[in-house]
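The lines below spell out each chain.
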Amino acid sequence: MSNSSQKNVAIIGAGVSGLVSAVHMYRAGIQPIVFDKASDLGGMWNVNIRPCWNSMQTNISKFSTALSDFAWPKDTPLFPSQKDVYVYLTNYIQQSLPNKDIFRFNTQVKNITYSNNKWTIKYCTNSNDISSEQFDFVIVASGFFDYPYIPNIINLSSFHGTLIHSSDYRSPEQVRDKNVIIVGSSMSAAQVASDMATTAKHITHVISQNFWCLPRFIPLILNNPISPFLPIDFVFYRQSKRISSQENLFRNNDDYKKMNDYLKLITDNSQESSKFINTNDEQPAFIAISDTYNEWNRAAPPINERPDWIFSLILNNGASIETTCDDIIILCTGYRPCLDFFSQDILEQLSYIPDDVFCPIILHRSIFHPTLPNLAFIGMYRGPFWAIIELQSRWVAATFSGLLSIPSITIQQIGLDMEHRIRTQQPRPQFPHGDYVGVVNDLAKEVLPTASSNTHDIVIPTQYQANGSDKTVIDEMNSICEEANHGRFIAGAIFRALHESKWSFERILTGKPADGTVHGQAEFHYSQQQELLYKEQGKLILSSQIPLDITQKYIYVYDEDKDLMTVYFVDDKNKRGSLFHTIHFQSPSNDGWIASGEHLCSQDHYSVSYLFRLNGTNLTKFEITYTVKGPAKDYISKTIFQREKIS
């Protein structure tokens with residue numbers, strides 16, 4: 001319960017930033033009141049209010065998409081769904097805030113003003129009655145996802161088909177048998193394009209910026225065919241990769257080249273070679289995350305009855321696209337914040353540019369402004385991670401409660417000048433504060449000034465608890481890394497790399513009933529979710545016999561929950577038939593990752609061994625060897641597959 005002497009804070013927004021701010025204000029002894037125009041908490045993660053497309057998962061693992069003192073259930077998928085995150089946030093609030101009366105849902109903040117050391121909030125509910133309250137402090141935590149950003153596209157109004165923003169995309173059925181034009185170079189553009197690749201008639205992706213697209217699991221060690229694969233945040237966000245612990249705010253051409261070269265090695269340069277990226281190595285690298293976007297693009301020439309892609313269309317390059325009233329345009333162009341509740345005077349102090357989705361406001365450390373006392377912004381920059389949101393919240397709670405001094409006017413002014421430089425830099429990078437680990441390090445020094453240096457390499461939120469890391473979380477993370485050394489996630493990496501791929505092969509048969517060779521081509525094509533149809537055609541040459549045409553089909557299935565790939569026979573409708581064998585990965589050899597399986601067919605026993613050679617995320621070569629024993633069979637069949645080069 002609050003009392004008359006207790007200070008209070010108005011928090012605008014009940015998404016991640018607002019919820020975390022409320023918890024830390026409550027812990028600091030300041031009464032929070034949270035305003036949100038929605039009917040429930042969660043912001044963009046509320047599956048009932050702002051549902052995303054059905055297959056959407058977090059881009060980084062649950063270890064990074066977490067709050068320091070609230071662990072995910074151990075059985076949660078490594079990359080949670082929108083619903084998973086919503087449930088997590090709901091449980092976090094139930095545990096952390098005993099007073100649920102602090103939330104003012106279905107409430108639109110209309111005006112925020114400052115006078116006589118108090119902030120006045122004017123707001124209205126669904127009844128449209130205007131009310132006002134005074135607060136000692138205000139936190140703006142409404143985030144970057146208030147309104148879809150619609151860029152200025154010439155003659156867009158002349159388009160007579162269906163125009164939607166990615167926020168309105170729900171499932172591939174929306175675009176079944178339609179020509180779709182996707183506009184944008186965002187994360188959502190790559191993910192939405194991949195999601196609809198099996199239902200759309202034709203997809204044209206129009207971009208304003210070339211980008212690298214990485215899967216959720218990438219190799220830890222480059223130029224190493226037996227590197228373990230780990231969640232992308234486990235690889236990128238490490239203290240050991242740094243020269244300095246501080247945030248690196250500005251980069252030069254050499255820095256850009258190093259990053260682009262690094263991404264080429266991760267992808268085996270397969271994106272440039274397939275002609276859907278043409279990167280200037282001395283420009284900032286832009287990254288999207290999708291498990292199959294590259295593979296759908298690499299399927300050239302177009303696969304029969306599958307969508308084909310045009311990736312070379314750049315906005316404003318003079319090219320035109322013919323459309324009909326049956327076509328669909330999906331704008332994957334991001335969002336912009338809304339600060340319309342501030343007066344023009346305050347907006348001018350914030351140097352607010354509403355359509356600048358890169359850096360719309362100027363703040364010290366993305367939090368404070370020297371001329372706006374007792375006001376703070378949490379998570380109000382493009383691309384905030386949960387660890388940053390939480391450390392920002394703790395810093396603000398400590399300053400508002402008097403436990404820490406607010407940065408001096410001079411220091412804040414230096415911060416504003418730096419942010420102006422970030423806004424005006426050319427070329428602009430993907431994010432204004434893209435050095436996640438550096439930002440976390442700098443914030444941790446403000447919040448935990450007496451804490452010892454972080455002894456963990458991988459940076460995750462639990463390491464920044466005031467009383468030390470959650471050992472169960474650290475142990476789980478370390479266990480995952482150890483399992484990866486012995487083949488965990490390799491099945492998924494191989495399965496993804498086989499998606500929409502073409503191969504030439506040579507097979508050597510030795511033993512009974514006859515020696516021989518087979519030369520041919522093989523393809524892996526999408527069959528249905530987590531299934532690939534393998535088809536081969538070749539010439540079987542046996543001694544003293546006329547060459548025979550052969551064909552063979554299998555279904556490869558990947559179970560992500562079990563991290564297991566299984567091979568099935570195919571029925572006459574190209575559907576999954578009976579089980580052939582399950583592929584079990586083992587510790588690698590010097591030449592690549594080893595796997596095995598076995599199958600008993602009547603009286604014949606098939607022992608199967610695999611050797612996969614990965615170059616970054618790309619599979620360049622693999623071998624399958626069958627050792628077959630039976631009453632009338634005693635032979636070895638060894639097949640070497642080489643990926644066909646794209647012309």
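All residue numbers here refer to positions counted from 1 along the written sequence of the relevant chain. Local features in this predicted model are restricted to residues whose pLDDT is 70 or higher, and side-chain atom pairs enter the listing and the counts only when it is 80 or higher, whereas totals over whole chains, interfaces and linings include all residues. Heavy atoms from the whole structure form the basis of all side-chain values; hydrogens and water molecules are not counted.

## Re the sheet that holds strand E6 (residues 130-135)
The pairing of strands in a sheet happens through backbone hydrogen bonds and is either parallel or antiparallel. Short version of the rule: Strands qualify as paired when DSSP identifies two bridges or more between them. Secondary structure elements follow DSSP: runs of H or I no shorter than four residues count as helices, runs of E no shorter than two count as strands, and numbering proceeds from the N terminus. Only the stretch in contact is used when a helix axis is fitted, and all axes are lines through C-alpha atoms; the angle between N-to-C directions ranges over 0 to 180 degrees.
The three strands lie next to each other as E4-E5-E6, forming an open sheet whose pairing is antiparallel. Edge positions in the open sheet fall to strand E4 (108-115) and E6, since each of these has one partner strand only. Sheet twist, expressed as the average angle between the axes of neighbouring strands with direction ignored, equals 20°. Pairing between E4 and strand E5 (residues 118-124): seven bridges, direction antiparallel. The residue of E5 that forms the bridge with isoleucine 112 is isoleucine 121.

## Topic: the pairing of E5
Here is the rule: Working definition: with a 1.4 Å probe on protein chains only, accessible area under 20% of the residue-type maximum means buried, over 50% means exposed, and in between means partly exposed.
Counting buried residues along E5, five of its seven residues qualify, which places the element largely inside the surrounding structure. The loop that links E4 with its antiparallel partner E5 comprises two residues; one of these, asparagine 116, has a positive phi angle of about 55°. Looking at chain direction, E5 and E6 are connected through six bridges and run antiparallel. Across the sheet, the residue bridging to tryptophan 119 is phenylalanine 135, located in E6.

## With respect to the domain arrangement of the protein
Keep this limit in mind: For every domain, the bounds stem from an assignment made automatically or drawn from a database. Between two residues, a contact is recorded if the distance between any of their heavy atoms is within 4.5 Å. Defined in terms of a 1.4 Å probe, buried area is the accessible area two parts forfeit on being brought together, summed over both. The salt bridge definition used is simple: a Lys or Arg side-chain nitrogen within 4 Å of an Asp or Glu carboxyl oxygen. Under this definition, polar contacts are N or O atom pairs within 3.5 Å; protein pairs additionally need one hydrogen-donor-capable and one acceptor-capable atom, and for neighbouring residues in sequence, both atoms have to be side-chain atoms. Each residue is assigned to one of three groups, with Ala, Val, Leu, Ile, Met, Phe, Trp, Tyr, Cys and Pro labelled nonpolar, Asp, Glu, Lys and Arg labelled charged, and all others, Gly among them, labelled polar.
Partitioning the protein into structural domains gives domain 1 (8-147 + 336-448), domain 2 (148-331) and domain 3 (490-643). Computed over C-alpha atoms, the centres of domain 2 and domain 3 are 31 Å apart. Each partner contributes residues to the interface: domain 2 has 27 residues there, and domain 3 has 24 residues. Around 2000 Å² of area is buried between domain 2 and domain 3 when both sides are counted, 56% of it from carbon and sulfur atoms. Considering only the side of domain 2, the residues that lose the most area to domain 3 are Pro225, Ile226 and Phe229, jointly responsible for 30% of the buried surface there. Between the two partners, domain 2 and domain 3, sit two salt bridges. Across the pair glutamate 560 and arginine 216 runs a salt bridge whose closest N-O atoms are separated by 3.1 Å. Applying the counting rule to domain 2 against domain 3 returns seven residue pairs in polar contact (both at pLDDT 80 or more). Mapped onto the side of domain 2 that touches domain 3, the elements with two or more residues apiece are strand E13 (217-219), helix H5 (253-267) and helix H7 (293-298). Across the side of domain 2 that touches domain 3, the residue classes break down as 15 nonpolar, six polar and six charged.

## Regarding the pairing of strand E17 (residues 328-331)
Alternating residues of E17 divide into Ile328 and Ile330 and Ile329 and Leu331, and every residue in both groups is buried. Here strand E9 (residues 162-165) pairs with E17 via four bridges, running parallel. Following the sheet pairing, isoleucine 164 is matched in E17 by isoleucine 330. Relative to E17, strand E10 (residues 179-183) runs parallel, the two being bridged by four bridges. Residue pairing across strands places valine 180 opposite isoleucine 328, the latter belonging to E17.

## A word on the UniProt feature "domain: DUF6314" (unreviewed entry) in the protein
Put simply, the rule reads: UniProt positions are given in the numbering used here, feature names are shortened, and annotations may be inferred rather than shown by experiment.
Per the UniProt record, the feature "domain: DUF6314" (unreviewed entry) sits at residues 501-643. Taken as a whole, residues 501-643 contains 0% helix and 76% strand, while its terminal C-alpha atoms sit 8 Å from one another.

## Some words on unusual backbone geometry
If a residue is not glycine, its phi is most likely negative; likewise, a peptide bond is most likely trans. A cis amide bond links glutamine 426 with the next residue in sequence, proline 427, at an omega value of -5°. Its location among the elements puts proline 427 in the loop between helix H10 (409-424) and helix H11 (436-447). The omega angle of the peptide bond from lysine 512 to proline 513 is 20°, so this bond is cis rather than trans. Structurally, the position occupied by proline 513 is in the loop between strand E20 (501-512) and strand E21 (516-528).

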